[in-house]
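Reading the structure
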Amino acid sequence: MTETVFTPATAERVQELSQNLSAVRERITRATAAAGREREPELIVVTKFFPASDVVALHGLGVQDVGENREQEAGPKALGAAANGAHPRWHFIGQLQSNKAARVLRFASEVHSVDRAGLVTALGKAAARRAEAEPGAEPAGIYLQVDLRGESSLSEDPNAPRGGARPEELAALADLVAGNDALCLRGLMAVAPLGEDPRPAFERLAALSERLRRDHPEARELSAGMSGDLEAAVAAGATRLRIGSDVLGRRQSLL
Ligand SMILES: *Cc1c(COP(=O)(O)O)cnc(C)c1O
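Okay, so let's go over this structure. None of these values were measured; they are calculated from a predicted model.

So, on to the nonpolar core. Judged by nonpolar contacts, the single largest core of 67 residues is most densely connected at Leu123, Leu144, Phe202 and Leu205. Looking at this core element by element, the count peaks at six residues for helix H5 (residues 117-133). The contact partners of phenylalanine 202, leaving out residues within four places of it in the chain, are Leu148, Ala192, Ala224, Gly225, Asp229, Ala232, Ala233 and Ala236.

Turning our attention to the pattern of salt bridges. Summed over all chains, the structure comprises 17 salt bridges. Ionic pairing is found between aspartate 54 and arginine 13, a salt bridge with its closest N-O pair at 2.8 Å. Separated by 41 residues along the polypeptide, aspartate 54 in helix H2 (residues 52-60) and arginine 13 in helix H1 (residues 11-34) bring together distant segments of the chain. By relative accessible area, which is 3% here, aspartate 54 ends up buried. Here glutamate 73 ties to arginine 70 by a salt bridge, and the two come within 3.1 Å at their closest N and O atoms.

Time to look at the site of the ligand. Near the ligand the following residues occur: Val46, Lys48, Ile93, Met189, Met226, Ser227, Arg242, Ile243, Gly244, Ser245 and Arg251. Serine 245 places a polar main-chain atom, nitrogen or oxygen, 2.8 Å from an oxygen atom of the ligand. Here arginine 251 contributes a side-chain N or O atom positioned 2.8 Å from an oxygen atom of the ligand. Across the complex, the protein chains shield 89% of the 390 Å² of accessible surface that the ligand would expose by itself. The residue makeup of the shell around the ligand, split by class, is five nonpolar, three polar and three charged.

We now examine unusual backbone geometry. Positive phi, normally seen in glycine, also occurs at phenylalanine 49, with a value near 75°. Positionally, phenylalanine 49 belongs in the loop between strand S1 (42-46) and H2. Phenylalanine 49 sits in the partly exposed class, given a relative accessible area of 31%.

Turning next to the pairing of strand S5 (residues 140-145). S5 sits mainly inside the fold: six of its six residues count as buried. Here S5 shows a buried face lined by Ala140, Ile142 and Leu144 and a second buried face lined by Gly141, Tyr143 and Gln145. Bridge analysis of strand S4 (residues 108-114) against S5 gives three bridges, and the strand direction is parallel. Across the sheet, glutamate 110 pairs through a bridge with glycine 141, a residue of S5. In this fold, the crossover linking S4 to S5 by way of H5 has right-handed handedness. Bridge count between S5 and strand S6 (residues 183-189): six bridges; the pairing is parallel. Bridge pairing in S6 places glutamine 145 opposite methionine 189.

Rules behind the numbers
Residues numbered from 1 in each chain as written. Predicted model: local features only at pLDDT ≥ 70, side-chain atom pairs only at ≥ 80, totals over all residues. Heavy atoms only, no water. Core = buried A, V, L, I, M, F, W, Y, C linked by side-chain atoms within 4.5 Å. Buried < 20%, exposed > 50% of the residue type's maximum accessible area, 1.4 Å probe, protein only. Helix = DSSP H or I, 4+ residues; strand = E, 2+ residues; numbered from the N terminus. Contact = heavy atoms within 4.5 Å. Salt bridge = Lys/Arg side-chain N within 4 Å of Asp/Glu carboxyl O. Near = heavy atom within 4 Å. Polar contact = N/O pair within 3.5 Å; in protein donor to acceptor, adjacent residues only side chain to side chain. Areas by Shrake-Rupley, 256 points an atom, 1.4 Å probe, with all protein chains shown as cover. Nonpolar A, V, L, I, M, F, W, Y, C, P; charged D, E, K, R; others polar. Pairing = 2+ DSSP bridges. Right-handed = clockwise from strand over helix to strand, strands pointing away.

Read these as spatial facts, not as claims about activity.
Here's what the structure looks like:
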């Protein structure tokens, strides 16, 4: 085991994060106005590949929500940030194996990447155990991730990694989440398909969300929009934006 020494972000880094954050917040404000919407979507800053010191700095700049996509990286980072006074809400946004569900719920209060029944069951059990251990613990927030690739690209590449449930699977998954008291169905999440215009894809997502809310009115959140397609997501009604590189800078590959 290696001990990670915590080095606070330098003044230059804090200033860079602050400027990037302001620029992103301005884009969100402009996109919200352009879409004729009253409420701005909430910003989740995706800190994957960046150190706990950046989370602490961002929290100091008013960021309340951070996102991570790998459990092995996020767990220690959340502990490191907490040890240095930063307790943002952690959103898990990456592919998740069912046997990691309990580990993720140790730090995350929201999971955006739920796309199959086995994972709902595992998260439900882990959240129920957590509720028993700490009465008053909030139910785990669940977003169902949808695969927005159209039928044609799905049949072209049936073996591509599945990022999300097929639209026709959503109703059953939503019922499963809603039937578990330790889970709270927040809504839908998606990533725009590579190489496609994000606008029609996000419009499909918005239509699926509307359909879902007929049976589950509480499932009103729409988690969509990354650095490159924030405006398209806001236009389609996103209520949660997951922004990484435009706030933190380019991610270096760890390998
Ligand atoms: C990394 C990631 C993001 C953030 O992407 P950027 O392009 O860096 O803004 C958003 N959503 C998911 C699911 C991600 O994995």
